[in-house]
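If you want the building blocks of each chain, they are given just below.
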Amino acid sequence: MTTAGDTVSFDSLPAPTVVFDSDGCITRCNAAAATLFDAAPDSLVGREFAELFAPDAREGVRTRLAAALTGEAPRRGESFRVLDTERYVDIEWLPHDGDRAWGQVALYDVTNHFRTQRDLRRLHEISSDGSRELDEKIEAMLAVGLERFDLEIAFLSMIDDTFEVVAALGDHDRLTEGATAPLATTYCRRTLDTEGAMVVEDALEEGWEDDIAYRTFGLGCYIGSKVYVDDSTYGTLCFADTDPREGNFTETDRAIVDLLARWAGYEIERKQRELRLRRQNERLEEFTSTVSHDLRNPLTVASGNLELLAEDLDDERIDTALEALERQERLIDNMLETARQGELVTDAERVDLESVVDDAWRSVRTDGAVLSIDSLPTLQADETRLQTLLENLFRNAVEHGPTCPDSHTRQDSVEHGSTDSRIGSDDAELTIEVGPLEKGFYVEDDGVGIPAETREAVFQEGYTTSESGTGLGLAIVERIVRAHGWEIEVMESADGGARFEIRLQTQF
């Protein structure tokens, strides 16, 4: 029999608590549970407990209740959405009297956790969407914050000597894109002096009535945080309303606005870096084009005169001079290519790697080498530059790989150097294979390998062990890899040759 003291104790439990029978129907609930479900306690008694949750959650609730009656349920199980709301609760299955067919649960509101997880997912989707420009990402991020905080005004500011709004959402005539104001007249002046988020929940109650910021902007509530770009203060990211806030900003809210501000700073920094790189590459391209033009003119004149001279004279010194001029031409071409490939890839598209490999193979002199392709996928890349990368790897393998059965002994004329363990047909002097990695692809050969002590040096501009080489082929490869945001590593193949592994940031 329930005593008055037992009733008081049960009803005063801080957590919403419900007792149910073997049919899953409510036999008792405390005041906190009635508040959670927005109903009078008496109206809940006799109802099936599962019916208090959204239709897609009811079967799960019934399953967990049945398990609770047999003592199999964990103390904390799943989270379920309350009927006709966006509120989620965790259900803690409490011990019950085994002699009677009833169970008891405590309910914990985890709505804030669900909303936070949802917001983080949305921010990740926005940030990773390569099709969106910076202003589109910032606008989408501001929209996430407005929904999160249930406010009407959001803005990103840039602060130097003055306050300038660089992006905004909401209806406020002084907080629109391009609007400026003296920093001293803004709420943001205090944000700059606050560690973490600066919060105003009710401006009038908190003494802002005579503050110039309140008189200028009339914001009843506000939450904002500093934005850093390149470790320097860029401005602020803020969410506000002309009315006071209903309820307090939680610690999670403060953490979220700090996270949004850091995210905005990262996106701005990345965009600025891209613009700087683009301008640098444009200047470099202009410089190298001018220099190459100035270098080619005298080379062309010298080559033309030597060729005319060779028609009248049979002198090997003329041939030697022409070979030197041809090498200079190749060096100029490679220098130009090296400069061009340093530009950051910002317009990557889906490309078929196998098709690009075929095109690259047809574009180089193979000297009887054999190409092997192993199940290549599609990937996100600049197709032209990817082909250039492959051409240089193929060319490097062919030029430095074995050209005769005993070529592995000629280490003084190759950039690689160790053993020769060929695969493929008996007639092939070299086999080159391109295959997939979990996050990337590899290019390897069965020629002479690259000694461990020189593997880092091979990507340096000008490094070569060949008298006729320019030392820029693998430097170009690395530039293309870095421009895509990938990584490259050189190692030994299973047959003792050279193996280049190129790893992407994401799966194919």
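A brief look at the structure comes next. For every chain, the first residue of the written sequence is number 1, and numbering continues from 1 along that sequence. In keeping with the predicted nature of the model, local features appear solely for residues at pLDDT of at least 70, side-chain atom pairs appear and are counted solely at 80 or more, and the whole-chain, interface and lining totals rest on all residues. Heavy atoms from the whole structure form the basis of all side-chain values; hydrogens and water molecules are not counted.

### Describing unusual backbone geometry
Thought 1: In this model, Asp84 sits at a positive phi of 60°, which is unusual for a non-glycine residue.
Thought 2: Each helix is a run of DSSP H or I of at least 4 residues and each strand a run of E of at least 2, with the numbering of both proceeding from the N terminus. Turning to its location among the elements, Asp84 is positioned in the loop between strand S3 (76–81) and strand S4 (88–94).
Thought 3: For Asp84, a relative accessible area of 72% gives the class exposed.
Thought 4: If you check the backbone angles, Asp150 has positive phi at about 55° while not being a glycine.
Thought 5: By the element assignment, Asp150 lies in the loop between helix H6 (134–149) and strand S6 (153–159).
Thought 6: Buried, partly exposed and exposed residues are distinguished by accessible area as a fraction of the type maximum, computed with a 1.4 Å probe on protein chains only: under 20%, between the cut-offs, and over 50%, respectively. Judged by relative accessible area, which is 63%, Asp150 ranks as exposed.

### Description of the sheet that holds strand S17 (residues 487–492)
Thought 1: At least two DSSP bridges between two strands are needed for those strands to be called paired. Spatially, S13-S15-S16-S18-S17 is the arrangement adopted by the five strands of the open sheet, whose pairing is mixed. In this open sheet, the two strands that pair with only one neighbour each are strand S13 (370–373) and S17. The sheet shows a mean angle of 15° between the axes of neighbouring strands, taken without regard to direction.
Thought 2: Where strand S16 (residues 440–445) and strand S18 (residues 498–503) come together, five bridges link them in antiparallel fashion. Bridge pairing in S18 links Glu444 to Arg499. The angle between two axes is taken between their N-to-C directions and runs from 0 to 180 degrees, where each axis is a line fitted to C-alpha atoms and a helix contributes only its stretch in contact.

### So, the pattern of salt bridges
Thought 1: Think of a salt bridge as a Lys or Arg side-chain nitrogen and an Asp or Glu carboxyl oxygen that are within 4 Å of each other. Evaluation of the coordinates by the stated rule reveals 25 salt bridges.
Thought 2: Of the charged contacts in the structure, one is a salt bridge between Asp253 and Arg148, with a shortest N-O distance of 3.1 Å. Taken together, the residues Asp253 in helix H9 (residues 251–312) and Arg148 in helix H6 connect sequence positions 105 residues apart.
Thought 3: In this structure Asp253 comes out as buried when scored by relative accessible area, which is 5%.
Thought 4: In this structure, Glu251 and Arg254 form a salt bridge, with 3.8 Å as the shortest nitrogen-oxygen distance. With Glu251 and Arg254 both in helix H9 and three residues apart, this pair spans about one turn of that helix.
Thought 5: Overall, Glu251 belongs to the exposed group, its relative accessible area being 61%.
Thought 6: Several salt bridges share partner residues, and in doing so they unite Arg118, Asp119, Arg122, Glu147, Arg148, Arg245 and Asp253 into one network.

### What about the packing of helix H5 (residues 111–127) against H6?
Thought 1: The geometry of H5 relative to H6 is characterised by a closest axis approach of 10 Å and an angle of 175° between their N-to-C directions. Here H6 runs roughly antiparallel to H5, going by the angle between their axes. For the pair H5 and H6, contact is made by Asn112, Arg115, Thr116, Arg118, Asp119, Arg122, Leu123, Ile126 and Ser127 and by Lys137, Ala140, Met141, Val144, Glu147, Arg148 and Phe149, respectively.
Thought 2: Considering only residue class, the contact of H5 with H6 consists of six nonpolar, three polar and seven charged. Each angle receives one of four descriptions, namely roughly parallel if under 35 degrees, roughly antiparallel if over 145, roughly perpendicular if within 65 to 115, and oblique otherwise. A contact between two residues is defined here by any heavy atoms of the two lying within 4.5 Å. Each residue receives one of three labels: charged for Asp, Glu, Lys and Arg, nonpolar for Ala, Val, Leu, Ile, Met, Phe, Trp, Tyr, Cys and Pro, and polar for the others, Gly being one of them.

### Quick word on the sheet that holds S6
Thought 1: The six strands are arranged S8-S7-S6-S11-S10-S9 in an open sheet whose pairing can be described as antiparallel. Strands with a single pairing partner mark the edges of an open sheet, and in this sheet they are strand S8 (180–182) and strand S9 (198–200). Pairwise comparison of adjacent strand axes, ignoring direction, gives a mean angle of 25° for this sheet.
Thought 2: With nine bridges joining them, strand S10 (residues 221–229) and strand S11 (residues 232–241) adopt antiparallel strand pairing. For Cys221, the partnering residue across the bridge sits in S11 and is Asp241.
Thought 3: Sheet strands in contact with H6 are S6, strand S7 (162–169), S10 and S11, and its direction is about 80° off that of S7.

### Let's talk about the environment of Leu123
Thought 1: By the secondary structure assignment, Leu123 is in helix H5.
Thought 2: C-alpha separation for the pair Leu123 and Trp263, spaced 140 residues apart in sequence, amounts to 8.7 Å.
Thought 3: Not counting the four nearest positions on each side in its chain, Leu123 is found in contact with Met141, Leu260 and Trp263.

### Overview of H5
Thought 1: In this analysis, the expected span of each helix is defined as 1.5 Å times one less than the number of residues it contains. Along its 17 residues, H5 runs 24 Å from first to last C-alpha, staying within 8% of the 24 Å computed at 1.5 Å per residue.
Thought 2: For H5, the complete set of buried residues consists of Thr111, Thr116, Asp119, Leu123, Ile126 and Ser127. One side of H5 holds all its buried residues, which, seen down the axis, span an arc of 130°. Along H5, the residues that are exposed and aim more than 90 degrees away from the buried face are Arg121, His124 and Glu125. What the arc measures is the spread of directions leading from the helix axis to the C-beta atoms.

### Here we look at the nonpolar core
Thought 1: The term nonpolar core refers to a set of buried residues drawn from Ala, Val, Leu, Ile, Met, Phe, Trp, Tyr and Cys, joined through side-chain atoms within 4.5 Å. Membership of the largest hydrophobic core comes to 38 residues, with the highest contact counts inside it found for Leu386, Leu390, Phe394 and Phe441.
Thought 2: Taken together, the elements giving at least two residues each to this core come down to helix H11 (353–362), strand S14 (378–381), helix H12 (383–400), strand S15 (431–437), S16, helix H13 (473–484), S17 and S18.
Thought 3: At seven residues, the largest contribution of residues to this core is made by H12.
Thought 4: The contact partners of Leu386, leaving out residues within four places of it in the chain, are Val351, Leu353, Val356, Leu379, Ala381, Phe441 and Trp486.
Thought 5: Judged by nonpolar contacts, the second largest core, of 31 residues, contains Leu123, Ala197, Cys221 and Trp263.

### Thoughts on the packing of aromatic side chains
Thought 1: Any pair of Phe, Tyr and Trp rings, taking the six-membered ring for Trp, is counted once the centres come within 6.5 Å. Such a pair is stacked with planes under 30 degrees apart, edge-to-face with planes over 60 apart, and tilted for the rest. All chains considered together, the criterion is met by 12 aromatic pairs.
Thought 2: Where Phe53 meets Phe80, the ring centres are 6.1 Å apart and the plane angle is 70°; that geometry is what we call edge-to-face. Note that Phe53 is positioned in the loop between helix H3 (41–44) and helix H4 (55–69) and Phe80 in strand S3, a separation of 27 residues in sequence. For the pair Phe53 and Phe80, a shared accessibility class is recorded, and that class is buried.
Thought 3: Taken together, a centroid distance of 5.2 Å and an interplanar angle of 55° make the contact between Phe149 and Phe239 tilted. Taken together, the residues span a long stretch of sequence, with Phe149 in helix H6 and Phe239 in strand S11 at a distance of 90 residues.
Thought 4: Residue classification places Phe149 among the buried positions, given a relative accessible area of 1%.
Thought 5: For Phe239, a relative accessible area of 0% corresponds to the buried category.
Thought 6: In this structure, Arg190 packs its charged tip against the face of Trp208, placed 4.3 Å from the ring centre.
Thought 7: Its end group placed over the ring of Tyr442, Arg499 keeps NZ or CZ at 4.1 Å from the ring centre. In this scheme, the term charge over a ring applies when either NZ of a lysine or CZ of an arginine sits within 6 Å of the ring centre and within 35 degrees of the ring normal.

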